[in-house]
Amino acid sequence: MDFLRGLMLGQYVPAESPVHRLDPRTKILGTMWLVGVLFATRSLAGLVVLTAFLGGVLAAGRIAPAYAVRGLRPVFWLVGIAVVFQVLFGDSGGHVLFRRGPLVVTRENLAAGAFYGYRLILLVAATTVMTFTTSSVELTDGLERLLRPFRRVGVPAHELALMMTIALRFIPTLFEETETIMKAQMARGAEFARGSLVARARALIPLLVPLFVGAFRRADALALAMEARGYRGGEHRTRMKELRVAVRDYVAAGMLLVVAAIVLLPPSVWRAVAGR
Amino acid sequence: MSDRAPALIRVRGLSHTYEPGAGEPVPALRGVDLDVHRGECIALIGGNGSGKSTLAKHLNALLLPTAGEVIVDGLDTRDRDAVWAVRQRVGMIFEHPDDQLIAAVVEEDVAFGCENLGLPPTEIRSRVDEALRTVGLEALRRRPPHLLSGGQKQRVAIAGVLAMRPRCLVLDEATSMLDPAGQREVMETVLRLRDEGLALVLITHSMEEAALADRVVVLAGGTVALSGTPSDVFARDDVLRRLRLEAPPIVALARGLAAAGVPLPPGLLTAPQLADAVAAAYRRGRGGA
Ligand SMILES: Nc1ncnc2c1ncn2[C@@H]1O[C@H](COP(=O)(O)OP(=O)(O)OP(=O)(O)O)[C@@H](O)[C@H]1O
Ligand SMILES: [Mg+2]
């Protein structure tokens, strides 16, 4: 049943580190910034710089590299598929390395596939580094604060944050429940891992029905428990932990700017500027 | 009843009728009177559907009376402006440990109620620390709730309520999903709180737990069928049997022994009490021989 566990990307790793202590808003915006830089970069050198930077953040956050790689494992499949698609269905033309019937592999497509695959891995790695070092509570708090200015245009910042808190709280519980139901069904002869795709999909129905019923019953009970504890929406509410921007957040922002400059400015951008 | 200080919670002529969208209205409570005094432990027992949970939800304004009134610390639960004050004064612990923890970290969950009260952050911090210490979970403050035992989860829920500084704790079958160790954990915690002056309303199907209360109230068909000290209530075998309830095994055993001629005092409720009484009777018997 471990495949369910494997789906959980980037579980928070509690530790005392400068990265953990950063304001969650810094980490959220920083991650978005890095993702933007990743998409903007066209050079392999840029990816290498970003890899080194993420490695540095990981080390500063006291996350074991092996643990981080294990967290990325589910993504490798996705990357593999993306690379195969790029190689098989990319632009025609270029140096043909291999040809069999309709199947043509060119050097350009192979290089592009590797580049995009690498970039995809870095993309997930960047967000994973954030979730490794930011608890779900901090994450939702940060998100709520970032969304707060948009409340005026109708974004329900508090409600969204609360939904996310509850979802994150109950994902492990729902996984446990799924395991229990699966085991119960298997004890009665159900097969989840065998048979055709259709048969397997059908085997999931008796799993999903109790899961959904359970989830709705739980939602009811949870709403009642929240009301009993005086919940009445975001108004009047205070938080135990106030978010505060510190010097280290400015330092982190500066580092992110420097990395972006290194990755994006030389040499391709310069050449494009000079070419005008 | 009014010879003491005024009751913390005063329930008078409380009736509640559920009006489900489809089907007949369900009269769940019919004219219930009940007083809960400060520092008092009341066990609320009764068969399935007798109205226990419905009554519990009236105690902190989760439900409002169809008729009658519920006054908590001088506040009428029907007063819209008093609802939040009522919920601060009366805390509820529910049956399923998993369905009442909201946050993904223990201390964040404990803070939830205080945050709803709008307290300043430093005040919340100190209350959360204190509440976690009271239930003996300060070492697990950073844990995610799903890695806790059932008993620990219920203690987290209790801490979350305690941090709001309530006057009364209502436990609706809060131990029924727990193993014996978890049940003991939770019961010891709440009984200690009672000794510190908190009122307890203990809804339970366990007669052993009910025997620990100061007063037992038996609900049947939405009315109070019996009310009194545990020994008085458990002595009414006839009524209990009619309501498909029974006295705790220790009470039945004591009664059996007394019927067989062992000279025992009346009102024995727990195993240690019975053991002492039997030992005393045995010693007396030997001394006399
Ligand atoms: N939301 C509801 N809508 C309609 N009827 C309800 C609702 N909740 C409870 N009832 C009915 O009200 C009556 C009292 O229910 P209540 O839950 O208070 O009983 P209880 O004593 O807590 O029972 P149990 O021991 O099973 O928990 C029952 O007949 C029940 O079916
Ligand atoms: Mg009930």
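Fair warning: this is a prediction, and the values are worked out from it, not measured in the lab. (Residues numbered from 1 in each chain as written. Chains lettered and ligands numbered in written order. Predicted model: local features only at pLDDT ≥ 70, side-chain atom pairs only at ≥ 80, totals over all residues. Heavy atoms only, no water.)

(A) Here's a closer look at the overall build of chain B. When helices and strands are tallied, chain B shows 11 helices and 10 strands. Relative to the 2.2 N^0.38 estimate, which gives 19 Å for 289 residues, the radius of gyration of chain B is 21 Å and therefore close to what a compact globule would have. Along the first, second and third principal axes, the C-alpha atoms of chain B reach 70 × 50 × 40 Å. A burial count over chain B gives 52% of its 289 residues as buried. Partitioning the contacts of chain B with sequence separation of at least 6, the portion at a separation of at least 24 is 61%. Accessible surface for chain B amounts to roughly 12600 Å². Of this, 53% is attributable to carbon and sulfur atoms. One finds the centroid of the 33 positive side-chain charges in chain B at a distance of 3 Å from the centroid of its 37 negative side-chain charges. (Helix = DSSP H or I, 4+ residues; strand = E, 2+ residues; numbered from the N terminus. Rg over C-alpha atoms; globule rule 2.2 N^0.38 Å. Buried < 20%, exposed > 50% of the residue type's maximum accessible area, 1.4 Å probe, protein only. Contact = heavy atoms within 4.5 Å. Areas by Shrake-Rupley, 256 points an atom, 1.4 Å probe, with all protein chains shown as cover. Lys, Arg positive; Asp, Glu negative; His and termini not counted. Charge placed at Lys NZ, Arg CZ, Asp CG, Glu CD.)

(B) The pairing of strand β7 (residues 168-172) of chain B, seen in detail. Residues and elements named next belong to chain B. Most of β7 is tucked away: five of the five residues are buried. Burial of the side chains of β7 extends over both faces: C168, V170 and D172 are buried on one face and L169 and L171 on the other. Bridge count for strand β6 (residues 90-93) against β7 is four bridges, and the pairing is parallel. Bridging from a neighbouring strand, V90 pairs with C168 of β7. Sheet topology places β7 next to strand β8 (residues 199-203); five bridges connect them, and they run parallel. (Pairing = 2+ DSSP bridges.)

(C) Here's a closer look at the pattern of salt bridges. Following the criterion strictly, the structure yields 34 salt bridges over all chains and no others. For D23(A), the salt bridge identified is with R25(A), shortest N-O distance 2.9 Å. The same class applies to D23(A) and to R25(A), which are both buried. Salt bridges sharing common partners tie together K241(A), E107(B), E108(B), R125(B), D129(B), R141(B) and R142(B). (Salt bridge = Lys/Arg side-chain N within 4 Å of Asp/Glu carboxyl O.)

(D) Structural detail: unusual backbone geometry. Residue and element names in this part refer to chain B. Although it is not a glycine, A61 sits at a positive phi angle of roughly 65°. Look at R165: it is not a glycine, yet its phi comes out positive at around 55°. Along the chain, the position of R165 falls in the loop between α5 (150-162) and β7.

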